[in-house]
Amino acid sequence: MPRFASALSQPGLGAVAEFKRRSPSMGDIRPAARVEDVVRLYAANGASAISVLVDEQFAGTVDDLRAARAVTDVPLLAKGFFSTEEHVRELKEAGADAVLLILRDLDDAATRRLLDYAHELGLDALVEAHDAGELQRAMALDAPVIGINARDLSTFEIDLRGQLELVAQAPRDRIVIAESGVHTRAQGAAAELAGADAVLVGTSLMQAADPGAKLRELLSRPLVKVCGLTRQEDVDAAIDAGADLLGFIHVDASPRRSDVVLDVPETHIAVSVFVEETRETPADLIQFYPERGEAGVRGREAMLLRDGVRVGTLLDQPWQQHDALHWSRAAAAKGRIVLAGGLGPENVRDAIAAVSPWAVDAASSLESSPGVKDHARVRAYVEAARSA
């Protein structure tokens, strides 16, 4: 397997970190940026691969690709508008490990020809689709690496929901990259849960005071969930504190029962919690306990569902009880684990160290009264989890 595809096929969510000085939609972003400086930051902070814009519309040239190659061994994606074998060969000679092929600009015959030529040279090709028709073309071309761009290159508008629907439809035997529009950990996680192997992130990194630190933050785990929310002011406080997922419990027996999903921006993930049966919800995810448990409220294990597909498992303490073996059992569990049960500012760091979960979840320990959050404790919990 070529280097680019191999780097993106590793477990967990990968990142293709992009270098660009400007964009047609935004104008100048970081016009004086030196590719050598930024690429070093990306390589040191977890980039699976690095994308370099070589097109003048982005204030880039092939010399930027050469400069990037001189300072890193991380796989490089040459990004621009390429249509000939001469373009592909030049990029290979400049140090590229992969090239971008945009289906909006290429017919199937041209794409097939360039795919074959890239493979002859030992290069990967990222075949980019924006809509369902282009995704079907990429699949029919048997492209090993498929990019789903949330940005419409004709209008520059971003449609993240549409992108995630296409990511979920892409075959699981391909490497799938969600491109554009990722500014938060939750947005990256949403792409991951839809089936993306990696996200391609450019603007949010290049706008950051420290692009490397921003990349590290986007990839960091565990995510942080605040659950049992009943008031919009508490949702807003959790978001301001840095929570990624916001939970709403639709269970009559719960003292934190909420009939609605309150306003959660698209930068974050809303989760509806149900026991024994679910119903229609505007939330992004469902946390489903199939059993009520001995206490008649909820069991200890819940399925995390996205559009009816299981994407993770939440492991909880018994209702209003303590199991001393809970963390050790959670640590031995397989798959994407959300750790819940008795977590708060005082112990969440220890829990993360013991379990290494995908996400942590707290509710009652963050309250001043049932269903009412103590904002200071919310802040302390999120800070402790994010700094673990």
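Definitions and cut-offs
Residues numbered from 1 in each chain as written. Predicted model: local features only at pLDDT ≥ 70, side-chain atom pairs only at ≥ 80, totals over all residues. Heavy atoms only, no water. Helix = DSSP H or I, 4+ residues; strand = E, 2+ residues; numbered from the N terminus. Rg over C-alpha atoms; globule rule 2.2 N^0.38 Å. Buried < 20%, exposed > 50% of the residue type's maximum accessible area, 1.4 Å probe, protein only. Contact = heavy atoms within 4.5 Å. Areas by Shrake-Rupley, 256 points an atom, 1.4 Å probe, with all protein chains shown as cover. Lys, Arg positive; Asp, Glu negative; His and termini not counted. Charge placed at Lys NZ, Arg CZ, Asp CG, Glu CD. Pairing = 2+ DSSP bridges. Axes fitted to C-alpha atoms, helices over the stretch in contact; angles between N-to-C directions. Parallel < 35°, antiparallel > 145°, perpendicular 65-115°, else oblique. Left-handed = near helix turned anticlockwise from the far one by under 90°. Nonpolar A, V, L, I, M, F, W, Y, C, P; charged D, E, K, R; others polar. Salt bridge = Lys/Arg side-chain N within 4 Å of Asp/Glu carboxyl O. Arc of directions from axis to C-beta. Expected span 1.5 Å × (residues − 1). 1 Å grid on protein atoms, 1.4 Å probe; cavity = no way out; pocket = protein on both sides within 12 Å on 5 of 7 lines; lining within 4 Å. Points joined across faces, edges and corners; volume = space filled by probe spheres on them.

On to the overall build of the chain. What the chain contains, in helices and strands, is 14 helices and 20 strands. For a compact globule of 388 residues, the expected C-alpha radius of gyration is about 21 Å, and the chain comes in at 22 Å, within 12% of that figure. With respect to the principal axes defined by its C-alpha atoms, the chain has extents near 70 × 40 × 40 Å. Within the chain, the proportion of its 388 residues that are buried is 57%. A fraction of 56% describes how many contacts in the chain between residues 6 or more apart in sequence connect residues 24 or more apart. Just so you have it, the chain exposes about 16200 Å², and 47% of that area is on carbon and sulfur atoms. Separation between the mean location of the 42 positive side-chain charges and that of the 59 negative ones in the chain comes to 4 Å.

Glancing now at the sheet that holds strand β5 (residues 76–79). The strand order β1-β4-β5-β6-β7-β8-β9-β10 describes a closed barrel built from eight strands, whose pairing is parallel. Strand-to-strand twist in this sheet, taken as the mean axis angle between neighbours without regard to direction, amounts to 25°. Pairing geometry for strand β4 (residues 49–53) and β5, over four bridges, is parallel. The residue of β5 that forms the bridge with S51 is L77.

Close contact between helix α4 (residues 85–94) and helix α5 (residues 108–120) brings their axes to 10 Å; oriented N to C, the two are set at 30°. Here α4 lies roughly parallel to α5, going by the angle between them. Note on packing geometry: the crossing formed by α4 with α5 is right-handed. Contact residues: α4 offers E85, V88 and R89, while α5 offers R113, L114, Y117 and A118.

Attention now goes to the packing of helix α11 (residues 232–241) against helix α14 (residues 375–386). In contact at an axis separation of 9 Å, α11 and α14 are set at 30° when each is read in the N-to-C sense. Relative to α14, α11 is oriented roughly parallel. Relative to α14, the crossing made by α11 is right-handed. For the pair α11 and α14, the contacting residues are E233, D234, A237, A238 and A241 in the first and H375, V378, R379 and V382 in the second. A breakdown of the residues in the contact of α11 with α14 according to their chemical character gives five nonpolar, one polar and three charged.

Our focus in this paragraph is the pattern of salt bridges. One pass over the full model with this rule turns up 37 salt bridges. Here E18 and K20 are joined by a salt bridge, their closest N and O atoms 3.6 Å apart. Take E18: its relative accessible area is 2%, and that puts it in the buried class. Measuring nitrogen to oxygen at the nearest pair gives 3.0 Å for the salt bridge that ties R300 to D323. Of this pair, R300 sits in the loop between β14 (285–289) and β15 (301–306) while D323 sits in the loop between β16 (309–315) and α12 (326–332), and the two are 23 residues apart along the sequence. Residue R300 is classed as partly exposed on the basis of its relative accessible area, which comes to 30%.

The next subject is helix α2 (residues 35–44). Within α2 the residues assigned to the buried category are V35, V38, V39 and Y42. Considered in projection along α2, the buried side chains sweep an arc of 100° and stay on one side of the axis. Buried residues along α2 sit in contact with β1 (14–19), β4, α3 (62–71), α9 (203–207) and α10 (211–219). A positive phi of about 105° marks G46, the residue just after α2.

This part is about the sheet that holds strand β18 (residues 359–362). On the basis of which strands lie adjacent, the closed barrel formed by eight strands has the order β11-β12-β13-β14-β15-β16-β17-β18 and mixed pairing. In this sheet, adjacent strand axes meet at a mean angle of 30° when their direction is disregarded. In terms of strand pairing, strand β17 (residues 337–339) meets β18 through two bridges, oriented parallel. In the strand pairing of β18, L339 is matched with V360.

On to α5, then. With 13 residues, α5 extends 18 Å from end C-alpha to end C-alpha; this agrees with the ideal 18 Å at 1.5 Å per step. For α5, the full list of buried residues reads A110, T111, L114, L115, Y117 and A118. Of the surrounding secondary structure, the elements contacted by the buried residues of α5 are α4, β6 (98–102), β7 (124–129) and α6 (132–140). G122 lies just past α5 and shows a positive phi near 80°.

Across all of its chains, the model carries two cavities of 30 Å³ or more by this definition. As for the largest cavity, its lining consists of K225, L245, V271, Q287, L304, L314, V338, W358 and A359. Considering only residue class, the lining of the largest cavity consists of seven nonpolar, one polar and one charged. There is about 40 Å³ of room inside the second largest cavity. Every residue along the wall of the second largest cavity is listed here: L13, A15, V182, G188, V199, V201, L218 and L219. Taken together, the residues that form the lining of the second largest cavity break down as seven nonpolar, one polar and no charged.

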